[in-house]
Amino acid sequence: MSVRRLIVLGLALAGATAPAFMTEFQLIQMNYIGMGALIALGLVMLTGVAGVMSFGQQVFAGIAAYATAVLTLQYGASAWTGLIAGLLIVALVSVFLGLITLRLSGHFMPIATLSWGLAIYFVFGNLDVLGKHTGLSNVPPVSIGDIALNRPGLAYYLIWVVLIVLLVACSNLLDSRSGRAIRALRARAAMAESFGVDVAQMKLAVFVLAALLAGLSGWFYAHVMGFVSPTAFNVQAGIDYLFMAVLGGAASVWGALAGAGILTVVKIHLAGWMPAGAGTSGNFEIVVLGLLFLLVLHRAPRGLTPLVAGWLPAGSPARTVPVSPVRPLARRAMPSEATVLEVSGVTKRFGGLVAVNDLSFEVRRGEVTGLIGPNGAGKSTMFNLISGALPRDAGEIRYRGERIDGLSPARIAQRGIARTFQHVNLLGRLSVLENVAMGAHLRGRCGMLASMLRADRDEERRLLAEAMRQIERVGLAQQLHAVAGSLPLGQQRLVEIARALCADPGLLLLDEPAAGLRYGEKQALARLIAELRTEGLSILLVEHDMDFLMGLADRVVVMQFGQLLTTGTPNEVRVNPAVIEAYLGAE
Ligand code: ADP
Ligand code: MG
C-alpha cells in the first residue's frame, strides 16, 4: 500500500471516530471548518481555477440560510424543503448576478462582487421578515428520519460526508472535458473559444456552482447554529472565504479544506495567542490576518497545498488513460465542395492601420494553400478573421459555401475549422495529453454534472484515445504526460497541431508551425502535412521557411501591407518580380 493511501486511510479513520474523542467545542470547530470549506471549495473553482474573483460568496450562504430559516420557522416546512427552496433561490439569484457581473472586465468584476455583497448584507439587516439586525433564532435542526441532528457530533457527520463527496465531485469535474474548458477560462479563453467552448456560458455555470456550494453551507449554518443573523454574512466573512481559498492553494480542491482548517483555527485561537495588553478587539484580528494574507501571497502565491504535496511521495497520475481499445470517435465527412474557403474583399482595421485590405483568395479542397508575406503583412490577422477571433470590417468569408464571417469562434469551430496559434496558446501546467484533448471538446457531449458523477468515463476514454492518436501522429508519444509548459518551443508547436487535429477539422489553419523546429522535426512535419492532404484535408499554411512552404504548397497566396500581391503555384510565385522585390525590399 502506498504511503499516500495509508495517510488517506488514517485520516478517514480519525475523521469517522472523531466524535468519540473530541470535545464538544472541538466538534463545533470541525463543523465551522466544514462549512467554511464548502464556500472555499466554490471559490477554488471560481477564483482559483476559472479566474473570477468574488468577494460576495457569503451572500449566497446568507440567502439560503435566511430562506430555510423563514420556511422552517414561519411556515413549518422541514429543513429539507428549506434546502431545496434555498438552493433554488440561490441558483436564480446567482444566474442574475452572474449575468451582470461576469461580463465586466479587470478590476470591475471583483468590485462588482463587493458591491452586491454590501447591498445584500444591507437587505438582510433591514427586512422585518428577516428579523432585522437581530436575525432569526430557534431554527430547528436537520432531521434524518427520526434522528434530529441536534448535537455538534451528529451534525458533524452530515457536514463532513457531504463536504467530502463534493470535494471528490469537484476534483472529478476538473479532470474531465468540462474541467479542461473551465481551466482554460482564466488565461486561455480565446483558445478555448476557438475549440468550441462557450466561454460566457461556462463561466456562468462555474459561478452558479460556487454559489450553490455557498448556499449549501448557509443551509448547514442555519440548522447547525440554530440562528441566522446578518453579521455572519458581511463582507468581512467574504474576505475570509477568499483567504481560505488562497491559503490552501487556489487551484486545488483539497486546498479549500486546508485553507478553511487553518483559518478557522487561527481565528479562534488568535485572541489567546496575543501578547497581554494587545487588546482583544476584532480590529486587531483583522490586522494579523491581513499580514498573514500578505505573507502567503508573497511566499506561497500558489497556496500551501503545492508545498505540502512536495513533501509527500508522488502519487501515480490517477487520470483515466485508455488502456483497452476503445470505440473511436465519430469523424465528420470531409467537405465535398471544390472550394472549401472563400475570402472575398475582406478588410480589417486597427485604428488607422489597415492590417488586411480588401483581400480575396480561396482554399481548394484537398490542397495546401500557402499564405506568405513579409512580417506584419497581415497573415495572422487573416487567420483571426477566418477563425472568428476578430470581427472583420468589410468583406465576406465563406466556408463550404456558407457565410461564416460574423459567427462566434465557437460556431466556426463547430462547422469544422481548426487552427493553431502563432504564439503558442497552451495550458502550460497541464499535460500534453490534456492540452491535446481540449481540441476534441466538440466531439464530446458530457456536461459538468456527468463529469462530477464520473458518468463521463466512457466518453472521456474515447476523447483521450483520440488525443493520444494525434500526439503519436505529431511524434510526441514520449511526452504524453509531460507538462506542456516544460517542452521546448518547437514541441509546443507540435502540441498545438495535435490539438487542432483532435478537432477532426475539414479545414486546418496552421500559423508558422515550423518555427523553432529542428531540421529533422521540420521534415517530419512536412511529411505529416503531406499525409493529411492525402487524406483529403484542406490546409491553409502560414510559414516563413520558404523551402518548407514551397515544397508543400499546391498554391501560394502572397500578401503585402494587408493586400494581395499575387497568387499562383510555387513556381509561378517564386519567379514573380513583385514577390522578389517585396522580399528583397523587406530584407
Ligand atoms: P503577420 O502575421 O503577417 O506577421 P499580423 O497579422 O500579425 O502580421 O499583423 C499585421 C499588422 O496588424 C501589424 O502591423 C500588426 O502590428 C497589426 N496588428 C495585429 N494585431 C493587432 C491588434 N490586435 N491590435 C493592433 N494592431 C494589430
Ligand atoms: Mg503572424
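This text follows the structure it describes.
Residues numbered from 1 in each chain as written. Chains lettered and ligands numbered in written order. Predicted model: local features only at pLDDT ≥ 70, side-chain atom pairs only at ≥ 80, totals over all residues. Heavy atoms only, no water.

1. With respect to the sheet that holds strand β11 (residues 507-511)
Across the sheet, which stays open at both edges, the six strands sit in the order β10-β11-β12-β7-β13-β14 with mixed pairing between neighbours. Of all the strands in the sheet, just β10 (417-419) and β14 (563-568) have a single pairing partner and so form its edges. When the angles between neighbouring strand axes are averaged without regard to direction, this sheet yields 20°. Across five bridges, strand β13 (residues 555-560) lies against β14 in antiparallel orientation. Bridge pairing in β14 links Val-556 to Gly-568. Taken strand by strand, helix α14 (residues 379-387) contacts β7 (368-372), β10, β11, β12 (538-542) and β13, and its axis lies near 150° from that of β11. Against the sheet, helix α20 (residues 519-534) makes contact with β7, β11 and β12, and its axis sits at roughly 150° relative to β12, the strand it touches most. (Pairing = 2+ DSSP bridges. Helix = DSSP H or I, 4+ residues; strand = E, 2+ residues; numbered from the N terminus. Axes fitted to C-alpha atoms, helices over the stretch in contact; angles between N-to-C directions. Contact = heavy atoms within 4.5 Å.)

2. So, the coordination of the magnesium ion (ligand 2)
Only Ser-380 (OG) and Gln-422 (OE1) from the protein coordinate the magnesium ion (ligand 2), and they sit 2.1 Å from it. Residue Ser-380 is located in helix α14, and its partner Gln-422 is located in the loop between β10 and α16 (432-438); the two are separated by 42 residues in the primary sequence. (Donors = N, O, S within 2.8 Å, 3.2 Å for Na, K, Ca; no water.)

3. What to know about the site of ligand 1
Close to ligand 1 lie Phe-350, Leu-353, Ala-355, Asn-375, Gly-376, Ala-377, Gly-378, Lys-379, Ser-380, Thr-381 and Gln-422. Ala-377 is positioned such that a nitrogen or oxygen atom in its backbone is 3.2 Å from an oxygen atom of ligand 1. A distance of 2.5 Å is found between an oxygen atom of ligand 1 and a side-chain nitrogen or oxygen belonging to Thr-381. Within the complex, the protein chains bury 59% of what would otherwise be the 560 Å² of accessible surface of ligand 1. At the level of secondary structure, the elements contributing two or more residues to the shell around ligand 1 comprise β6 (353-364) and α14. Sort the elements by how many residues they give to the shell around ligand 1 and α14 lands first, with three residues. (Near = heavy atom within 4 Å. Polar contact = N/O pair within 3.5 Å; in protein donor to acceptor, adjacent residues only side chain to side chain. Areas by Shrake-Rupley, 256 points an atom, 1.4 Å probe, with all protein chains shown as cover.)

4. Focus: the packing of aromatic side chains
As enumerated under the stated definition, the model contains 12 aromatic pairs in all. Ring geometry for Tyr-156 versus Tyr-157: centroids 5.3 Å apart, planes at 70°, classification edge-to-face. You can call Tyr-157 partly exposed: its relative accessible area is 36%. An angle of 70° between the planes, with centres 5.7 Å apart, marks the rings of Tyr-221 and Phe-233 as edge-to-face. One end of the pair, Tyr-221, is in helix α9 (residues 199-225); the other, Phe-233, is in the loop between β4 (227-228) and α10 (235-248), with 12 residues separating them in the sequence. Just as Tyr-221 is buried, Phe-233 falls in that class too. (Phe/Tyr/Trp six-rings, centres within 6.5 Å; stacked < 30°, edge-to-face > 60°. Buried < 20%, exposed > 50% of the residue type's maximum accessible area, 1.4 Å probe, protein only.)

5. As for helix α7 (residues 177-185)
Summarising burial for α7: nine of the nine residues are buried, a large majority. Structurally, the start of α7 carries an N-cap: the backbone nitrogen of Ser-178 is 3.4 Å from a side-chain oxygen of Ser-176.

6. Thoughts on the layout of surface pockets
Empty space within the second largest pocket amounts to approximately 510 Å³. Taken together, 22 residues line the second largest pocket, and the ones lying closest to its centre are Tyr-32, Ala-237, Asp-240, Tyr-241 and Lys-267. It is α10 that contributes the most residues to the lining of the second largest pocket, five residues altogether. Across the lining of the second largest pocket, the residue classes break down as 12 nonpolar, eight polar and two charged. (1 Å grid on protein atoms, 1.4 Å probe; cavity = no way out; pocket = protein on both sides within 12 Å on 5 of 7 lines; lining within 4 Å. Points joined across faces, edges and corners; volume = space filled by probe spheres on them. Nonpolar A, V, L, I, M, F, W, Y, C, P; charged D, E, K, R; others polar.)

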